[in-house]
Amino acid sequence: MSLSRQQLTLLGIFALFLGPVFLVMMMRSSWWQYQPAGMKNHGHLVQPPVGLTLDQAAGIDDKWSILYVLDQPCAKACIEYVTSLRQIHRAVGRNASHLAIVLLSDTQVEPLLRTELEAIYPGFNLVLDPGRSALDTLDSINAGITAGHADIRTYVLDPMRNVVLAYETSAAPTDIHKDLKRLLKYSDQEGKS
């Protein structure tokens, strides 16, 4: 039994219109479960995001922020890392005005270190947390992410000061830059819509 040309055309039209409907029904069914292979972000995703209280941080209002917990004394590795944060800020290009770099410390920054940091980049926001409320919150985030096995000192905060990503000290600055670029791109698109 062969089908005529008209019957084949009719079957093609039905397949063209009913095929996508059938495909959607299959994808929504319980036996087809698509799970992405992995996340694209390089840092640890903080789920749900945790709000952070930062006193004296007026320079970061309504901006994405990279927060770095400053070592004191700040050794050579610390200075190099802070320098890489400056490079990240410059590398985001036209979105630099939507990004702040925050250096957080629980004690007063020594004048010599403050001068050195300002020489590296005058755009840093030095924030003191003498009561350790922000640092205690960050410590609880770290414990939830790695069970205390990794040293996490760098965080990405959204414009409402929620911690959304956390990075170990071994994280490459390029990974932080890639995540920030993606976040700034998508937040810029949301602002336009």
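Below, the structure is looked at part by part.

### Examining the side chain of T154
One can find T154 in strand β5 (residues 152-157). Residue classification places T154 among the buried positions, given a relative accessible area of 1%.

### Some points on the packing of aromatic side chains
According to the stated counting rule, one finds two aromatic pairs in the structure shown. Ring plane angle 75° and centroid distance 5.4 Å describe the contact between Y121 and F124, whose orientation is recorded as edge-to-face. Exposure class is identical for Y121 and F124. Each is buried.

### Topic: a nonpolar patch on the surface
Nonpolar side chains collect at one region of the surface, where L10, I13, F14, L16, F17 and L18 lie side by side and expose about 650 Å² of accessible area between them. With relative accessibility at 60%, the residue L16 sits in the exposed group.

### Some thoughts on unusual backbone geometry
Look at the link from Q47 to P48: it is a cis peptide, with omega at -10°. Here P48 shows up in strand β1 (residues 44-51). Here R132, not a glycine, exhibits a phi torsion of approximately 60°, which is positive. Structurally, the position occupied by R132 is in the loop between β4 (124-128) and α4 (133-146). Looking at R132, the relative accessible area reads 29%, which means it is partly exposed. If you check the backbone angles, R161 has positive phi at about 65° while not being a glycine. Within the secondary structure, R161 is located in the loop between β5 and β6 (162-168).

### Comments concerning the pattern of salt bridges
Applying the stated criterion across every chain, the model contains six salt bridges. D136 is the salt-bridge partner of R132, the closest N and O atoms lying 3.7 Å from each other. A salt bridge links D179 to R182, with the shortest nitrogen-to-oxygen separation between them at 3.4 Å. Here the residue D179 and the residue R182 both occupy positions in helix α5 (residues 173-192), the gap between them amounting to three residues, near one helical turn. Its relative accessible area of 2% is what places D179 among the buried residues. Residue R182 is classed as partly exposed on the basis of its relative accessible area, which comes to 28%. Overlapping salt bridges bring together D106, R132, D136 and D139 as one network.

### Overview of the nonpolar core
One finds I66, Y68, L70, V82, L85, L103 and F124 to be the most contacted residues of the largest nonpolar core, which totals 30 residues. Elements that contribute at least two residues to this core include exactly β2 (64-69), α2 (76-91), β3 (99-105), α3 (111-120), β4, β6 and α5. Per-element tally for this core: the top contributor is α2, with six residues. Not counting residues up to four positions away in its chain, the partners in contact with V82 are Y68, L70, L103, L117 and F124. The next biggest cluster of nonpolar side chains, apart from the first, holds 19 residues, and it includes L52, I60, V69 and Y155.

### Observations regarding the sheet that holds β6
Taken together, six strands build an open sheet; the order of strands is β1-β6-β5-β2-β3-β4 and the sheet is mixed. Each having just a single partner strand, β1 and β4 make up the two edges of the open sheet. The sheet shows a mean angle of 30° between the axes of neighbouring strands, direction not considered. Bridge count between β1 and β6: four bridges; the pairing is antiparallel. In the sheet register, H44 faces β6, and the bridge partner there is A166. Lying on the sheet, α2 is in contact with β2, β3, β4 and β5; it crosses β2 at an angle near 175°.

### A word on a positive patch on the surface
Side chains of K40, K178, K181 and K185 sit close together on the surface and give a patch of like positive charge. Examined against the element boundaries, K181 turns out to sit in helix α5. Given the relative accessible area of 52%, K181 is considered exposed.

Basis of the calculations
Residues numbered from 1 in each chain as written. Predicted model: local features only at pLDDT ≥ 70, side-chain atom pairs only at ≥ 80, totals over all residues. Heavy atoms only, no water. Helix = DSSP H or I, 4+ residues; strand = E, 2+ residues; numbered from the N terminus. Buried < 20%, exposed > 50% of the residue type's maximum accessible area, 1.4 Å probe, protein only. Phe/Tyr/Trp six-rings, centres within 6.5 Å; stacked < 30°, edge-to-face > 60°. Patch = residues over 30% accessible without salt bridge, like charges linked within 9 Å, V, L, I, M, F, W, Y side chains within 5 Å. Areas by Shrake-Rupley, 256 points an atom, 1.4 Å probe, with all protein chains shown as cover. Salt bridge = Lys/Arg side-chain N within 4 Å of Asp/Glu carboxyl O. Core = buried A, V, L, I, M, F, W, Y, C linked by side-chain atoms within 4.5 Å. Contact = heavy atoms within 4.5 Å. Pairing = 2+ DSSP bridges. Axes fitted to C-alpha atoms, helices over the stretch in contact; angles between N-to-C directions. Lys, Arg positive; Asp, Glu negative; His and termini not counted. Charge placed at Lys NZ, Arg CZ, Asp CG, Glu CD.

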